[in-house]
Amino acid sequence: MSENNHESATTGKGRPTPSRKQQEAARVRPLVGNKSPEAKKAERAKARTERERTRAGMMAGEEKYLTIRVRGPQRRLARDVVDSQFTVGELVLPALFIVIIVSAIDTGSTQINYQIQLYTLLAMWALFLAIGANAFLIGRKVAKKLEQKYGADKVERGVRWYAAMRSIQMRPMRLPKPQVKRGEKI
């Protein structure tokens with residue numbers, strides 16, 4: 001009698017066991033999401049406007065849109081010092097363009113061609129040395145200004161290098177865009 005009572009208490013779960021095919025079909029989910037084409041289009045438009053706003057903010061020099069590498073008052077001062085003066089680094093791309101054009105000239109004489117190549121090579125090395133010296137001097141100038149304004153122990157690490165690297169870039173290619181006119185007193 002006790003066996004009968006035990007069997008009736010554990011008889012089945014009340015429904016048939018689903019097949020493996022049914023279970024796998026129930027677990028299938030889209031990898032990316034199941035969005036309508038209109039929803040995808042609206043999402044792309046929203047992302048595009050956000051990117052445009054971020055880019056415009058970065059170009060304008062707004063602090064919240066700048067990358068971590070260029071944020072802060074000390075980096076801003078370094079940018080202003082670099083942008084307020086002409087730097088030799090701005091001549092790199094135009095000089096390279098001229099060197100390529102001049103070295104492509106064939107005079108017909110091998111001796112003259114070698115002389116042209118030698119002079120352009122020497123001119124480029126002289127330009128590179130001038131750029132290095134100019135970048136070093138700009139870095140020192142920025143460090144002095146920062147020490148005067150914030151104190152010697154409060155100067156952030158890497159600001160001199162940041163100023164030197166910014167001085168090597170051509171002015172129109174600098175990001176964030178220069179906020180100071182050339183020749184302005186800082």
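Look above for the structure.
Residues numbered from 1 in each chain as written. Predicted model: local features only at pLDDT ≥ 70, side-chain atom pairs only at ≥ 80, totals over all residues. Heavy atoms only, no water.

### Examining helix H6 (residues 110-150)
Residue pairs three or four apart in sequence face the same way in an α-helix, which turns once every 3.6 residues.
Argument step 1. Look at H6: 59 Å from first C-alpha to last across 41 residues, which is about the 60 Å you get at 1.5 Å a residue.
Argument step 2. Considered for burial, the residues of H6 that qualify are Asn113, Thr120, Met124, Leu127, Ile131, Asn134, Ala135, Ile138, Gly139, Val142, Ala143 and Leu146.
Argument step 3. Elements that come into contact with the buried residues of H6 comprise helix H4 (73-83), helix H5 (92-103) and helix H7 (159-168).
Argument step 4. Phi turns positive one or two residues past the end of H6, at glycine 151, with a value near 100°. (Helix = DSSP H or I, 4+ residues; strand = E, 2+ residues; numbered from the N terminus. Expected span 1.5 Å × (residues − 1). Buried < 20%, exposed > 50% of the residue type's maximum accessible area, 1.4 Å probe, protein only. Contact = heavy atoms within 4.5 Å.)

### Observations regarding a positive patch on the surface
Argument step 1. A cluster of like positive charges, contributed by Lys40, Lys41, Arg44, Arg48 and Arg51, occupies part of the molecular surface.
Argument step 2. With respect to the element layout, arginine 44 can be found in helix H3 (residues 37-60).
Argument step 3. For arginine 44, a relative accessible area of 52% corresponds to the exposed category. (Patch = residues over 30% accessible without salt bridge, like charges linked within 9 Å, V, L, I, M, F, W, Y side chains within 5 Å. Areas by Shrake-Rupley, 256 points an atom, 1.4 Å probe, with all protein chains shown as cover. Salt bridge = Lys/Arg side-chain N within 4 Å of Asp/Glu carboxyl O. Lys, Arg positive; Asp, Glu negative; His and termini not counted. Charge placed at Lys NZ, Arg CZ, Asp CG, Glu CD.)

### A look at the side chain of aspartate 83
Argument step 1. Mapped onto the secondary structure, aspartate 83 falls in helix H4.
Argument step 2. Looking at aspartate 83, its side chain comes within polar contact range of the side chain of arginine 166, at 3.0 Å.
Argument step 3. Setting aside chain neighbours within four positions, we find aspartate 83 in contact with Arg166, Arg171, Arg174, Pro178, Gln179, Val180, Lys181 and Arg182. (Polar contact = N/O pair within 3.5 Å; in protein donor to acceptor, adjacent residues only side chain to side chain.)

### Structural notes on the pattern of salt bridges
Argument step 1. Applying the stated criterion across every chain yields a total of eight salt bridges.
Argument step 2. For glutamate 50, the salt bridge identified is with arginine 53, shortest N-O distance 2.9 Å. With glutamate 50 and arginine 53 both in helix H3, this residue pair falls three residues apart, about one helical turn.
Argument step 3. Under the relative-accessibility criterion, glutamate 50 is labelled partly exposed at 36%.
Argument step 4. According to the relative accessible area criterion, arginine 53 is partly exposed, its value standing at 45%.
Argument step 5. Here glutamate 156 ties to arginine 75 by a salt bridge, and the two come within 3.6 Å at their closest N and O atoms. Linking glutamate 156 in the loop between H6 and H7 with arginine 75 in helix H4, this pair joins segments that are 81 residues apart in sequence.
Argument step 6. We classify arginine 75 as buried; its relative accessible area is 12%.

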